[in-house]
Structures are given as C-alpha cells and as structure tokens.
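Examination of the molecular architecture
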Amino acid sequence: MNYSRWIRKTFPQVNDTSHELIENYIVEAKENTKLFREFIKVVGFLLIVLPFNLYLNYITQGSIFSLLFIVLSFTSFGVGSFVALYFEQRLIKNHLKKIIIKKHSTCEHEI
C-alpha cells in the first residue's frame, strides 16, 4: 500500500511536509508495530487457515489428492493472507494517525 499517498490524502495539513519526513513517519510506524503485526499473522493462520484445513481434511477422509481439496486449501491460505494484510494495514494506518497528530499538533503549538 502506498502510505505516503494515503497520508497526503487523509491529512491535508502535511502537504507542505517533505517526502523524506513522511517516509520517516511510515518507517517509524512499521518498526513500532512489527512485533504485533507478526502476532496478527500467526493468530490469523491459527484461527482461519489451520482449522479450515483440518476440517477439510476430516471431510475428505484424508484423500489429499482431490482437486477440490487442493483448491479449497489454497483458497483458505488466500483468505487468511487477505485478513492478515487487512489488519496489518489498519494497524499501520492507526499508528500513522497517532504519529502525525502528535508531531503536527506540537509543531502548531510551538509556532
């Protein structure tokens, strides 16, 4: 996702801010949320992909060579990845909001 474009569209007060400073905000948000984002990926895998694949294996009685089994397995990985990506982007956006509000509200009070 292009967070720089999202920031400029969501927060018009940062349009005069340099591109490097906005990239620093994005790097800071990604670094501060890295551990929690990995946790979300693991939990998403454990709650979505793994139970669905175990249930699918139970239904097909272990015949893993079925085309339907393979398609549904890949679909579950796709859905799990999409859910993890969605929550990862929301987490980064929320952290970016906090960073921008904190940095730009202090700048306005200093002026």
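Worth saying up front: this structure is predicted, and the values here are computed from it rather than measured.

Next up on the list: the packing of aromatic side chains. Scanning all chains against the criterion turns up 4 aromatic pairs. Centre to centre, the rings of Trp6 and Phe11 are 6.1 Å apart; their planes meet at 85 degrees, and the pair counts as edge-to-face. The class of Phe11 is buried, set by a relative accessible area of 9%.

Looking now at the nonpolar core. Core analysis: the biggest nonpolar cluster contains 13 residues, and Ile7, Phe11, Val14, Ile26, Leu96 and Ile100 have the highest contact counts within it. Contributions of two or more residues to this core are made by helix H1 (3-10), helix H2 (19-32) and helix H4 (67-110).

This structure, assessed with the given rule, holds 4 salt bridges. Between Lys103 and Glu28 there is a salt bridge; the shortest N-O distance is 3.9 Å. In this pair, Lys103 sits in helix H4 while Glu28 sits in helix H2, placing the two residues 75 residues apart along the sequence. Residue Glu28 is classed as partly exposed on the basis of its relative accessible area, which comes to 26%. A salt bridge links Glu38 to Lys41; the nearest nitrogen and oxygen atoms lie 3.4 Å apart. Taken together, the positions of Glu38 and Lys41, both in helix H3 (residues 34-59) and 3 residues apart, correspond to about one turn of that helix. Salt bridges sharing common partners tie together Arg37, Glu38, Lys41 and Glu88.

Here we take up the packing of H1 against H2. Their axes nearest at 10 Å, the elements H1 and H2 cross at an angle of 110 degrees. Considering their axes alone, H1 and H2 lie roughly perpendicular with respect to each other. The chirality of how H1 crosses H2 is right-handed. The segment H1 lies against H2, with Tyr3, Ser4, Ile7 and Arg8 engaging His19, Ile22, Glu23, Ile26 and Lys30. Per-class residue counts for the contact of H1 with H2 are 4 nonpolar, 2 polar and 3 charged.

Calculation criteria
Residues numbered from 1 in each chain as written. Predicted model: local features only at pLDDT ≥ 70, side-chain atom pairs only at ≥ 80, totals over all residues. Heavy atoms only, no water. Phe/Tyr/Trp six-rings, centres within 6.5 Å; stacked < 30°, edge-to-face > 60°. Buried < 20%, exposed > 50% of the residue type's maximum accessible area, 1.4 Å probe, protein only. Core = buried A, V, L, I, M, F, W, Y, C linked by side-chain atoms within 4.5 Å. Helix = DSSP H or I, 4+ residues; strand = E, 2+ residues; numbered from the N terminus. Salt bridge = Lys/Arg side-chain N within 4 Å of Asp/Glu carboxyl O. Axes fitted to C-alpha atoms, helices over the stretch in contact; angles between N-to-C directions. Parallel < 35°, antiparallel > 145°, perpendicular 65-115°, else oblique. Left-handed = near helix turned anticlockwise from the far one by under 90°. Contact = heavy atoms within 4.5 Å. Nonpolar A, V, L, I, M, F, W, Y, C, P; charged D, E, K, R; others polar.

Taken by themselves, the reported measurements are silent on function.
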